[in-house]
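Fold and geometry: a report
Listed below are the residues making up each chain.
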Amino acid sequence: MAFLNKQAFTEVIDRTPLVSIDLVVENEKGEILFGLRKNRPAKDYWFVPGGRILKNETLDAAFLRLTLNELGFEFSRSQARLLDMYEHFYDDSVMGEKPSTHYVVAGYHLKVHQNRLALPIGDQHNEYKWCEKSKVKSDKSIHKHSSDYMDAVLSIELSEEL
């Protein structure tokens, strides 16, 4: 994988959308996982785990890397369900107030046994919480881009019940 220096990555953020995967992780109690973001964008909001796809990294490899880094356990993309493709726009970026950030996001729903996870405290999140699906949309401390995933999750549940 190719990594960019700060100046080059700032230029990329300023000129192109970033492609990423978000993980809507549901435990056996039907609760959704959120981490408290330490960095821009979405700093100080609860957000689902996830991250960027790297240049020359396949979707399957990115999924394995991100689940290991974000959840402490590797899950394959075949274990998850694609919710949809999303666009996230932010006025800031990991670099600061400028440039703004545009993400194109593949949102995946992943059901897990909570005790299999080893949630890392570090660069991205400094704490985690599990939230009942029915309360996510009304919790204003959860970033809108993360709470928006609940529409797709609840829609899947309704279609499975029919």
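In this text, all values refer to a predicted model and were calculated from it rather than measured experimentally. The residue count restarts for each chain, going from 1 along the sequence in the order it is written. Only residues with pLDDT of at least 70 get local features here, since the model is predicted, and only at 80 or more are side-chain atom pairs given and counted; chain-wide, interface and lining totals rely on the full set of residues. To get the side-chain values, take all heavy atoms of the structure and skip hydrogens and water.

**Description of the overall build of the chain**
- When its secondary structure is counted, the chain shows five helices and seven strands.
- Put simply, DSSP marks the helices as runs of H or I at least four residues long and the strands as runs of E at least two long, and each gets a number from the N terminus on. Along the chain, from the amino end to the carboxyl end, the secondary structure elements read α-β-β-β-β-α-β-β-β-α-α-α.
- In this treatment the radius of gyration is a C-alpha quantity, and the globule benchmark scales as 2.2 Å times the residue count to the 0.38 power. Against the 2.2 N^0.38 benchmark of 15 Å for 162 residues, the chain shows a C-alpha radius of gyration of 15 Å, consistent with a compact globule.
- Overall, the C-alpha framework of the chain stretches about 50 × 30 × 30 Å when taken along its three principal axes.

**Focus: the pattern of salt bridges**
- Throughout this description, the term salt bridge denotes a Lys or Arg side-chain nitrogen within 4 Å of a carboxyl oxygen of Asp or Glu. One pass over the full model with this rule turns up eleven salt bridges.
- Of the charged contacts in the structure, one is a salt bridge between Lys-137 and Asp-148, with a shortest N-O distance of 3.8 Å. You can see Lys-137 sitting in the loop between helix H3 (133-136) and helix H4 (144-147) and its partner Asp-148 sitting in the loop between H4 and helix H5 (149-161), a full eleven residues away along the chain.
- Between Lys-137 and Asp-151 there is a salt bridge, with its nearest N and O atoms 3.3 Å apart. Taken together, the positions of Lys-137 in the loop between H3 and H4 and Asp-151 in helix H5 put the pair 14 residues apart, joining distant regions of the chain.
- Only protein chains enter the accessibility calculation, which uses a 1.4 Å probe; a residue is then buried when its area is under 20% of its type maximum, exposed when over 50%, and partly exposed in between. A relative accessible area of 46% means that Asp-151 is categorised as partly exposed.
- The network of salt bridges with common partners includes Lys-137, Lys-144, Asp-148 and Asp-151.

**Here's the deal with the UniProt feature "binding site: substrate" (unreviewed entry) in the chain**
- UniProt positions are given in the numbering used here, feature names are shortened, and annotations may be inferred rather than shown by experiment. Here the UniProt feature "binding site: substrate" (unreviewed entry) sits at Phe-3, Leu-4, Phe-9 and Arg-37.
- You can see Leu-4 is positioned in the segment before helix H1 (6-15).
- Residues are treated as being in contact if the distance between any of their heavy atoms lies within 4.5 Å. The contact partners of Leu-4, leaving out residues within four places of it in the chain, are Phe-9 and Val-12.
- Residue placement: Phe-9 occurs in helix H1.
- The residues contacting Phe-9, other than those within four sequence positions of it, are Leu-4, Leu-18, Arg-52, Val-94 and Met-95.

**Concerning the pairing of strand S2 (residues 31-37)**
- Here S2 lies mainly inside the structure; seven of its seven residues are buried.
- Here, a strand pair is defined by DSSP locating no fewer than two bridges between the strands. In this structure, S2 lies alongside strand S7 (residues 125-132), joined through six bridges in antiparallel fashion. Bridging from a neighbouring strand, Gly-35 pairs with Tyr-128 of S7.
- Pairing geometry for S2 and strand S3 (residues 46-47), over two bridges, is antiparallel. Counted as the bridge partner of Leu-36 is Trp-46 from S3.

**Considering the nonpolar core**
- We define the nonpolar core as a collection of buried residues of types Ala, Val, Leu, Ile, Met, Phe, Trp, Tyr and Cys that are connected through side-chain atoms lying within 4.5 Å of one another. In terms of nonpolar packing, the biggest core is built from 24 residues, with Val-24, Phe-34, Leu-83, Tyr-149 and Met-150 touching the most fellow members.
- Those elements that provide at least two residues to this core are H1, strand S1 (18-26), S2, S3, strand S5 (81-90), strand S6 (101-111) and H5.
- The element contributing the most residues to this core is H5, with five residues.
- Non-local contacts of Val-24, meaning those with residues more than four positions away in its chain, are made with Ile-32, Val-48, Leu-83, Tyr-108, His-109, Leu-110, Tyr-149, Met-150 and Val-153.
- Core analysis: the second largest hydrophobic core is formed by 17 residues, Val-25, Phe-63, Leu-66 and Ala-80 among them.

**Quick look at the side chain of Glu-26**
- Its location among the elements puts Glu-26 in strand S1.
- For Glu-26, the contacting residues outside a window of four places in its chain are Glu-31, Ile-32, His-109, Leu-110, Lys-111, Val-112, Trp-130, Lys-133, Val-153 and Glu-157.

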